[in-house]
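Descriptive structure summary
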Amino acid sequence: MKRSVQHSFLLSLIFFLLLFSSCNQAKETFDSKQFTEKFRQALNSHDAATLAKLYSEKATMIASGELKPTVGRKAIEEYYANLFRMVPDLKLEYITVISEGNQLCFEFYQEGTAVKSLAASSDHTPINISPKGHKIGIKGVCLMKVNTEGLAIEDKTYYDTAEFQKQIEGTN
């Protein structure tokens with residue numbers, strides 16, 4: 001009987017150890033605090049080249065309102081350069097940052113003054129945006145996957161595009 005109790009105890013202990021270790025396997029493969037701080041600093045200093053260097057050569061970025069994904073570091077740099085031309089005083093603040101394993105999620109607030117047009121293109125932006133110098137402020141969420149080298153390989157950014165356009169055109 002004593003042997004049966006010991007056996008049950010050992011089996012239970014092994015089960016809980018296996019359960020605990022499988023739940024705890026998603027160890028962070030990059031320094032999320034360092035990554036998010038570099039991202040925020042580059043965006044707030046309007047440095048499209050530095051932002052692009054946070055992405056892998058073949059990274060994919062999907063943003064609300066875009067018809068097609070932006071693929072590759074060079075295209076991502078161009079995306080941010082266009083954004084900074086449209087909103088030259090754009091600032092980013094994090095509301096919440098969560099990371100697990102190679103995944104990063106941050107809720108953000110961006111604000112600035114929209115001053116330059118962003119014309120529709122068949123490749124990406126489906127609408128013409130004509131800023132009139134209005135202040136904008138928009139909340140959104142970014143979901144990223146980051147490789148072991150600390151570079152983003154996938155970026156999915158979501159925000160209310162209708163509200164964004166209303167603010168830019170001053171129709172809200």
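Notes on the structure follow. What you see is a predicted model, and the numbers here were worked out from it, not measured in a lab.

1. Some words on the pairing of strand E3 (residues 91-100)
Across nine bridges, the pairing between E3 and strand E4 (residues 103-113) is antiparallel. When the sheet's bridge partners are listed, Lys91 is paired in E4 with Glu111. In sequence, E3 turns back onto E4 through a hairpin of two residues, with Gly101 there showing a positive phi of about 60°.

2. A few points about the sheet that holds strand E5 (residues 135-146)
Spatial ordering of the open sheet is given by E2-E1-E6-E5-E4-E3, a layout of six strands whose pairing is mixed. Two strands lie at the open edges of the sheet, namely strand E2 (70-71) and E3, each paired on one side alone. Packing against the sheet, helix H2 (residues 32-44) makes contact with strand E1 (55-63), E3, E4, E5 and strand E6 (152-159), and its axis sits at approximately 160° to E3. Set on the sheet, helix H5 (residues 161-169) makes contact with E5 and E6; between it and E5 the angle comes to about 145°.

3. Considerations on the pattern of salt bridges
For side chains bearing opposite charge, pairing can occur when the charged atoms are close. Per the stated rule, a full pass over the model turns up four salt bridges. In this structure, Arg73 engages Glu57 in a salt bridge whose closest nitrogen and oxygen atoms are separated by 2.7 Å. Separated by 16 residues along the polypeptide, Arg73 in helix H4 (residues 73-86) and Glu57 in strand E1 bring together distant segments of the chain. Glu154 is the partner of Lys156 in a salt bridge, and the nearest nitrogen-oxygen pair spans 3.9 Å. For Lys156, a relative accessible area of 27% translates into the label partly exposed.

4. As for the side chain of Asn44
Along the polypeptide, Asn44 turns up in helix H2. Judged by its relative accessible area of 14%, Asn44 is buried.

Procedures and definitions
Residues numbered from 1 in each chain as written. Predicted model: local features only at pLDDT ≥ 70, side-chain atom pairs only at ≥ 80, totals over all residues. Heavy atoms only, no water. Pairing = 2+ DSSP bridges. Helix = DSSP H or I, 4+ residues; strand = E, 2+ residues; numbered from the N terminus. Contact = heavy atoms within 4.5 Å. Axes fitted to C-alpha atoms, helices over the stretch in contact; angles between N-to-C directions. Salt bridge = Lys/Arg side-chain N within 4 Å of Asp/Glu carboxyl O. Buried < 20%, exposed > 50% of the residue type's maximum accessible area, 1.4 Å probe, protein only.

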